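Below are the chains, spelled out letter by letter.
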Amino acid sequence: MKNRKKFLEIQRKLMEEVQKKLPENRVWADEIAELFEVSVSSMYRRIRGEQLLSLDEICALCQRFDISFDALMNVKTPRQFDCVYSPVNSAIYQEYQDYISSLFQNFERIKASESSSILLSAADIPLFHLLACDELRFFNLFTYANSVYDYEGSMEEFLEEMKTPEIVHYHHQISDAYEHIPSTEIWTNNTLVPTLKLISYYLGLCRFTDKELPLLLCEQLLNILNKLQKWVENCSKDDGNTPFGLYWSDMEPDNTYILLNHGEYSNCIVKLFTINHLNVYEHAFCRETEIWLTKLSKRAVLLSGSSERDKVKFFNTQRHKVKSLIETINAHFE
């Protein structure tokens, strides 16, 4: 009897965590019933605690919704916490499709929350901006597949294999979700540099068959800057109702940290290499990250709503870097 009571408490906590991670417009009993392949009435018996979850069902829920079983069991030692790491081989279509599909579902949940927000430091171009630019995002994936997984094809061949309507749809849907979530970003003079260096590096390796594609990548970088400047001038994203703040920092963040506030809880994405990242739900870590990012922003220049001089200086500096690369590309193919 005592053990059953303990198991029911764990089950209750697990169900609460699952409910947090589902959009408000989704019937979560239906969602889980579909996962377990059981009837909805059978699922409600589990939700009410009339029937205990099996070990397989607990594992399935934890994996599907990125929930730590150790956290549910309160298995912790001082200075330790749980995080989720799911490496992705960007050269394997199905693996990347599963990753981007899961990311899409996560951002749909965040978008559905009325009190959601995003705060991030941009050591390089944030994912959300890349996703709106098809070739630039696939170049990002191509360089990772080449350097880590020894992909030997050209960028054009990679595009032919990976750029499908389904993947592009997920990219644009995540980008659209981001455009409806209030956000604050902290950029530096070097945020574009990693991408510019990669284009230059692969240009030197002759991995582009002609200049059309690298020039398109540069054009998309300029499009990102144009959109950012428009958001900065309006202090909001394209719909005019979603607040947006951009800070220009002289301090270089050691990494890209993305703090996602879902309202009742937060999680922090710590970028590792290109697309791989750690996903941390530990409250203390998220709170400390929020404090650090907030202090970093206070030492930076708020471009949204600032003087015209600051805005022009920042964006002209960034455009000059891209245009210098365009000159290098043209000279390379002469």
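The preceding data block contains the structure.
Remember, it's a predicted structure, so these values are computed and weren't measured experimentally.

Draft legend 1. Just the overall build of the protein chain, in detail. Along the backbone of the protein chain there are 14 helices and eight strands. Taking 334 residues into account, the globule formula puts the C-alpha radius of gyration at 20 Å, and the protein chain, at 22 Å, falls close to it. Burial status across the protein chain gives 48% buried among its 334 residues. Carbon and sulfur atoms make up 50% of the accessible area of the protein chain, which totals about 16,800 Å². Computing the positive centroid from 36 side-chain charges and the negative centroid from 48, the protein chain places the two 9 Å apart.

Draft legend 2. Inspection of helix H13 (residues 283-298) at higher detail. Over its 16 residues, H13 runs 23 Å from end to end, which matches the ideal 22 Å to within 8%, given 1.5 Å per residue. The set of residues buried in H13 consists of Cys286, Thr289, Leu293, Leu296 and Ser297. Projected onto a plane normal to the axis of H13, the buried residues spread over an arc of 95 degrees and lie on a single side. Projecting away from the buried face of H13 at angles above 90 degrees are the exposed residues His283, Glu288 and Lys298. Those residues of H13 hidden inside the fold are in contact with strand S2 (117-121), strand S3 (183-188), strand S4 (244-249), strand S5 (257-261), strand S6 (266-273) and strand S7 (276-280).

Draft legend 3. Representation of the sheet that holds S7 in the model. Reading across the sheet, the eight strands line up as S1-S7-S6-S5-S2-S3-S4-S8 and stay open at both edges, with mixed pairing between neighbours. Edge positions in the sheet fall to strand S1 (83-85) and strand S8 (301-302), since each of these pairs with one other strand and no more. Pairing of S4 with S8, which is carried by two bridges, proceeds in the antiparallel orientation. The residue bridging Tyr247 from the neighbouring strand is Leu302, located in S8.

Draft legend 4. Representation of the pairing of S6 within the structure. Pairing of S5 with S6, which is carried by five bridges, proceeds in the antiparallel orientation. In the strand pairing of S6, Leu260 is matched with Asn267. Remark: four residues form the turn of the hairpin made by S5 and S6, two consecutive strands paired antiparallel; Gly263 in that turn has positive phi of roughly 105 degrees. Looking at chain direction, S6 and S7 are connected through five bridges and run antiparallel. By the bridge assignment, Lys271 is partnered in S7 with His277.

Draft legend 5. How the structure looks around unusual backbone geometry. Here Cys206, not a glycine, exhibits a phi torsion of approximately 60 degrees, which is positive. Position of Cys206 relative to the elements: it lies in the loop between helix H11 (193-204) and helix H12 (212-234). On the basis of relative accessible area, Cys206 is assigned to the exposed category, the value being 55%. Its identity is not glycine, yet Cys235 carries a phi of approximately 55 degrees, on the positive side. With respect to the secondary-structure elements, Cys235 resides in the loop between H12 and S4.

Draft legend 6. The environment of Asp56, seen in detail. Secondary-structure assignment places Asp56 in helix H4 (residues 55-64). Overall, the relative accessible area of 64% leaves Asp56 in the exposed class. Spatially, the C-alpha atom of Asp56 lies 9.4 Å from that of Phe36, the residues being 20 residues apart in sequence.

Draft legend 7. Molecular detail of the packing of helix H8 (residues 134-149) against H12. At a minimum axis separation of 8 Å, H8 and H12 run at an interaxial angle of 115 degrees. Classified by the angle between their axes, H8 and H12 sit roughly perpendicular to one another. The element H8 and its partner H12 pack so that their crossing is left-handed. On the side of H8, the interface is formed by Asp134, Glu135, Leu136 and Phe139, while H12 contributes Leu213, Leu216, Leu217, Gln220, Leu221 and Ile224.

Draft legend 8. Geometry of empty space enclosed by the protein. Within the structure shown, the criterion is met by two cavities of 30 Å³ or more. Roughly 220 Å³ of internal volume is contained in the largest cavity. In this structure, the largest cavity is lined by 19 residues; those nearest its centre are Leu127, Ile258, Ile269, Lys271 and Thr274. When residues of the lining of the largest cavity are traced back to their parent elements, those giving at least two are helix H6 (93-112), helix H7 (127-130), H8, S6 and S7. Along the lines of polarity and charge, the residues of the lining of the largest cavity split into 11 nonpolar, five polar and three charged. Computed from the structure, the second largest cavity encloses a volume of approximately 50 Å³.

Cut-offs used in this document
Residues numbered from 1 in each chain as written. Predicted model: local features only at pLDDT ≥ 70, side-chain atom pairs only at ≥ 80, totals over all residues. Heavy atoms only, no water. Helix = DSSP H or I, 4+ residues; strand = E, 2+ residues; numbered from the N terminus. Rg over C-alpha atoms; globule rule 2.2 N^0.38 Å. Buried < 20%, exposed > 50% of the residue type's maximum accessible area, 1.4 Å probe, protein only. Areas by Shrake-Rupley, 256 points an atom, 1.4 Å probe, with all protein chains shown as cover. Lys, Arg positive; Asp, Glu negative; His and termini not counted. Charge placed at Lys NZ, Arg CZ, Asp CG, Glu CD. Expected span 1.5 Å × (residues − 1). Arc of directions from axis to C-beta. Contact = heavy atoms within 4.5 Å. Pairing = 2+ DSSP bridges. Axes fitted to C-alpha atoms, helices over the stretch in contact; angles between N-to-C directions. Parallel < 35°, antiparallel > 145°, perpendicular 65-115°, else oblique. Left-handed = near helix turned anticlockwise from the far one by under 90°. 1 Å grid on protein atoms, 1.4 Å probe; cavity = no way out; pocket = protein on both sides within 12 Å on 5 of 7 lines; lining within 4 Å. Points joined across faces, edges and corners; volume = space filled by probe spheres on them. Nonpolar A, V, L, I, M, F, W, Y, C, P; charged D, E, K, R; others polar.

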